[in-house]
Each structure stands twice: as C-alpha cells, then as structure tokens.
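# Examination of the molecular architecture
Here is how the chains run, residue by residue.
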Amino acid sequence: APPRREGGGEKPMKKTALRAECEARGLSVDRTMPAEMLQARLRLYFESRARQAAAAAAAITPSWAPSEDSLSLARAAAIAPLHALASCLVYSSSTGRLNEGHFNDPVLLWLALHLCLEDTLRTAQAAEGRVGAAVPGSALVCLSALYAAKQYSDVAPAAGALLALAATWNAVAAAAAADTWRLNNAVRAEPLYPHKVAGMRSQTRLTIEAFEGL
C-alpha cells in the first residue's frame, strides 16, 4: 500500500521518510531530490505494480502448455533422475580419463552451467513475469542442454543419450514460452529482452545488494 501520511493524514511525510520508502522499494533516488519528486516516484511505482499485477492476472497461456504443477512434477520425477544417471556414467568414465573419478570433471560442469541458466530463466518467468525475455532465454537453455549432451556423449555415449532425452523437455518449455509471448504480445507489446520502467531500478534483486553501504 502507498505510504501513509504522518499525524493522521494531515501532515505530509518528511523528505527522509519518503526517500526511505523509495529505497525500500528499489527506486533510483538520491539525497538531492525534492519531496515532490520522491512522491512522484512512489506514485509511479505503485501504478506500475498495479499494472504488473493486472497483466499477470490476465496473462494468456497456450491451451496445450503444461501447468506449473506438471512442470514441477516432471522435473522431480523424470528430468532430475536422468541428469543424475547420466552424470553417474560420466563420473565412472572419469576414472580412466582423469586418473581417478571425481566431481570436478569439466564435462560435468557443462551440465552445471545448463542448470544455472535454467534456474535463471525460471526466475525471470515465474518470479519476474518476463514473458518476452523468456523466449531467447529458453532458446539459450535449450542450446546449453544440447551442448552438455554432446559433451557427455563424447565420453560416455549412453550418458549423452540420457541427457538428450532430458533436453526434449527444454524444447517443449521453449515452445511454450514462444507461444505464450506470441499470445500476450498481440494484446500488449512485450519486447524480447529484459526492460524496466523509466525512473526505477531493475526488479531483479541481487543478494550482494544487501551489503551496500556497509
């Protein structure tokens, strides 16, 4: 909710309080801004949040796309076991290639990179609602999955086949992301890259930002 006024609604909030409210919400402000500008930033913020909430509630998804519950179930019941089994095969083969089996295998790190990209995409889609940026992001995730499968196949063909099978799920997710963007872009223009509202910081928050000013 918008910040309340001090003194029961009669006295305007002080400039320091307004700046604190803006900073708490990730708005780009500094000490030189007058109270009127800070109030305008807050008003734009709340209007933007209201529009985002309305857009998220009205987001159109393809009728054929799997639900979020189905996605979570598939990751836990099918994709994760395929990744684990394929990685076990690569780990076993690393004994002959690297003198002893260990997890610091460069081949295994390609799957780790793919999973990092996939988690980043999931945050952009689910937490931040970036319908447009999810399209190239999904394509990048697919490419990373296929490249990891190629690296696995070079050292253990069976592992590469298992990873390629898991990558088909990424292809389905990429197709769903592209179709979701197509449907929503027809209603409201959505660029295929991350963007932010003018005068505001990006809605993406990094853990390291918590240490700013220490």
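This one's a predicted model, so the numbers in the text were calculated from it and none came from an experiment.

### Considerations on the packing of helix H5 (residues 134-155) against helix H6 (residues 157-185)
One way to put it is that H5 packs onto H6 with a least axis distance of 8 Å and a crossing angle of 175°. Here H5 is positioned roughly antiparallel relative to H6, judged by the angle of their axes. Each residue belonging to the contact of H5 with H6 can be placed in one class, and the counts come to 21 nonpolar, four polar and no charged.

### Regarding the side chain of glutamate 190
In this fold, glutamate 190 is placed in the segment after H6. Given a relative accessible area of 11%, glutamate 190 falls into the buried group. The residues contacting glutamate 190, other than those within four sequence positions of it, are Val131, Gly132, Trp181, Asn185 and His195.

### Looking at the pattern of salt bridges
A full pass over the atoms with the stated rule returns four salt bridges. Of the charged contacts in the structure, one is a salt bridge between aspartate 119 and arginine 122, with a shortest N-O distance of 3.1 Å. Of this pair, aspartate 119 and arginine 122 both sit in helix H4 (residues 106-127), three residues apart, which is roughly one turn of the helix. Using a relative accessible area of 40% as the deciding quantity, one classes aspartate 119 as partly exposed.

### Quick word on the nonpolar core
The biggest cluster of nonpolar side chains holds 15 residues, and the ones touching the most others in it are Ala86, Val90, Tyr152, Ala159 and Leu163. Contributions of two or more residues to this core are made by helix H3 (68-97), H4, H5 and H6. Core analysis: the second largest hydrophobic core is formed by nine residues, Leu27, Leu42, Tyr45 and Phe46 among them.

### Describing the packing of H4 against H5
When two helices pack together, their arrangement is given by the angle between their axes and by how far apart the axes lie. Interhelical geometry of H4 versus H5 gives an angle of 165° and a closest axis separation of 9 Å. When the axis of H4 is compared with that of H5, the two are roughly antiparallel. Every pair of crossing elements has a handedness; the one defined by H4 and H5 is left-handed. Residues Val107, Leu108, Trp110, Leu111, His114, Leu117, Glu118, Leu121 and Gln125 of H4 lie in contact with H5, whose contacting residues are Ala134, Gly137, Ser138, Leu140, Val141, Ser144, Ala145, Tyr147, Ala148, Gln151, Tyr152 and Val155. For the contact of H4 with H5, the per-class residue count stands at 14 nonpolar, six polar and one charged.

### Let's talk about helix H1 (residues 15-24)
Listed as buried for H1 are Leu18, Arg19 and Cys22. The arc enclosing the buried residues of H1, seen along the axis, measures out at 100°, which places them on a common side. Of the exposed residues in H1, the ones pointing more than 90 degrees away from its buried face are Thr16 and Ala24. Two residues or fewer after H1 comes glycine 26, characterised by a positive phi angle close to 80°.

How each quantity is defined
Residues numbered from 1 in each chain as written. Predicted model: local features only at pLDDT ≥ 70, side-chain atom pairs only at ≥ 80, totals over all residues. Heavy atoms only, no water. Axes fitted to C-alpha atoms, helices over the stretch in contact; angles between N-to-C directions. Helix = DSSP H or I, 4+ residues; strand = E, 2+ residues; numbered from the N terminus. Parallel < 35°, antiparallel > 145°, perpendicular 65-115°, else oblique. Nonpolar A, V, L, I, M, F, W, Y, C, P; charged D, E, K, R; others polar. Buried < 20%, exposed > 50% of the residue type's maximum accessible area, 1.4 Å probe, protein only. Contact = heavy atoms within 4.5 Å. Salt bridge = Lys/Arg side-chain N within 4 Å of Asp/Glu carboxyl O. Core = buried A, V, L, I, M, F, W, Y, C linked by side-chain atoms within 4.5 Å. Left-handed = near helix turned anticlockwise from the far one by under 90°. Arc of directions from axis to C-beta.

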